[in-house]
Amino acid sequence: MANEFLQLEGEIINVIKTIFDPEIPVNVYDLGLIYEIDVNEEGKARIVMTLTSPNCPVAESLPEEVQEKVASIDGITSVDLNLTFDPPWTKDMLSEEALLELGLL
């Protein structure tokens, strides 16, 4: 059973890596915008994410896109997406891939 949840979490990460912030050519996962991903026994996914700023121009569409794409994964029955600004996003949250992509390494 635990293996199944890990597999679903991996699929969620892969799907989230296809979603890009339109202002920065890096996916939202590598940007560090995803704080938490949990999947329970019933296939309910809980995602905690943030945006680069509260005034982000995609503040409405980006979380919706994450929610819709995760909900389309086989085995996911529902998605509870929580948007938070605590802790606030900083450049320190960028993955090494994102740092390379942005020429910061």
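Scroll up for the structure.
Residues numbered from 1 in each chain as written. Predicted model: local features only at pLDDT ≥ 70, side-chain atom pairs only at ≥ 80, totals over all residues. Heavy atoms only, no water.

**With respect to the environment of E65**
Part 1 of the argument: Relative to the assigned elements, E65 resides in helix α2 (residues 61-71).
Part 2 of the argument: E65 gets classed as partly exposed once you look at its relative accessible area, which sits at 28%.
Part 3 of the argument: In this structure the C-alpha to C-alpha distance between E65 and I19, which are 46 residues apart in sequence, comes to 7.6 Å. (Helix = DSSP H or I, 4+ residues; strand = E, 2+ residues; numbered from the N terminus. Buried < 20%, exposed > 50% of the residue type's maximum accessible area, 1.4 Å probe, protein only.)

**Digging into the pattern of salt bridges**
Part 1 of the argument: As enumerated under the stated definition, the model contains 3 salt bridges in all.
Part 2 of the argument: Measuring nitrogen to oxygen at the nearest pair gives 3.4 Å for the salt bridge that ties K69 to E65. Of this pair, K69 and E65 are both found in helix α2, 4 residues apart, which corresponds to roughly one turn of the helix.
Part 3 of the argument: One salt-bridge network, held together by shared partners, links E36, D38 and R46. (Salt bridge = Lys/Arg side-chain N within 4 Å of Asp/Glu carboxyl O.)

**Focus: α2**
Part 1 of the argument: Every buried residue of α2 is listed here: L62, P63, V66 and V70. Down the axis of α2, the buried side of the element spans an arc of 100°, and every buried residue falls inside it. (Arc of directions from axis to C-beta.)

**A short note on the side chain of N27**
Part 1 of the argument: In this structure, N27 sits in the loop between α1 (2-16) and β1 (34-39).
Part 2 of the argument: Of note is the side chain of N27, whose polar atom sits 2.7 Å from the backbone nitrogen of D30.
Part 3 of the argument: Those residues in contact with N27 that lie beyond four places of it in its chain are I16, K17, I19 and F20. (Polar contact = N/O pair within 3.5 Å; in protein donor to acceptor, adjacent residues only side chain to side chain. Contact = heavy atoms within 4.5 Å.)

**Overview of the pairing of strand β3 (residues 78-83)**
Part 1 of the argument: By the bridge criterion, 6 bridges tie strand β2 (residues 44-49) to β3 in an arrangement that is parallel. Its bridge partner lying in β3, V48 is registered against N82.
Part 2 of the argument: Between the parallel pair β2 and β3, the chain is carried across by α2, and the sense of this crossover is right-handed. (Pairing = 2+ DSSP bridges. Right-handed = clockwise from strand over helix to strand, strands pointing away.)

**Observations concerning the sheet that holds β1**
Part 1 of the argument: With mixed pairing, 3 strands are arranged side by side in an open sheet as β1-β2-β3. Only two strands of the sheet have a single partner each, and these edge strands are β1 and β3. Each adjacent strand pair in this sheet contributes to an overall mean axis angle of 15°, direction not counted.
Part 2 of the argument: Note that β1 and β2 share 5 bridges and pair antiparallel. From the neighbouring strand, D38 faces β2, where its bridge partner is R46.
Part 3 of the argument: Its contacts with the sheet put α2 on β2 and β3, and the angle it makes with β3 is roughly 160°. (Axes fitted to C-alpha atoms, helices over the stretch in contact; angles between N-to-C directions.)

**Describing the nonpolar core**
Part 1 of the argument: I12, I16, I47, V66, V70 and I76 are the most contacted members of the largest nonpolar core, which has 30 residues in total.
Part 2 of the argument: Those elements giving two or more residues to this core turn out to be α1, β1, β2, α2, β3 and α3 (96-101).
Part 3 of the argument: At 4 residues, α1 tops the list of elements feeding residues into this core. (Core = buried A, V, L, I, M, F, W, Y, C linked by side-chain atoms within 4.5 Å.)

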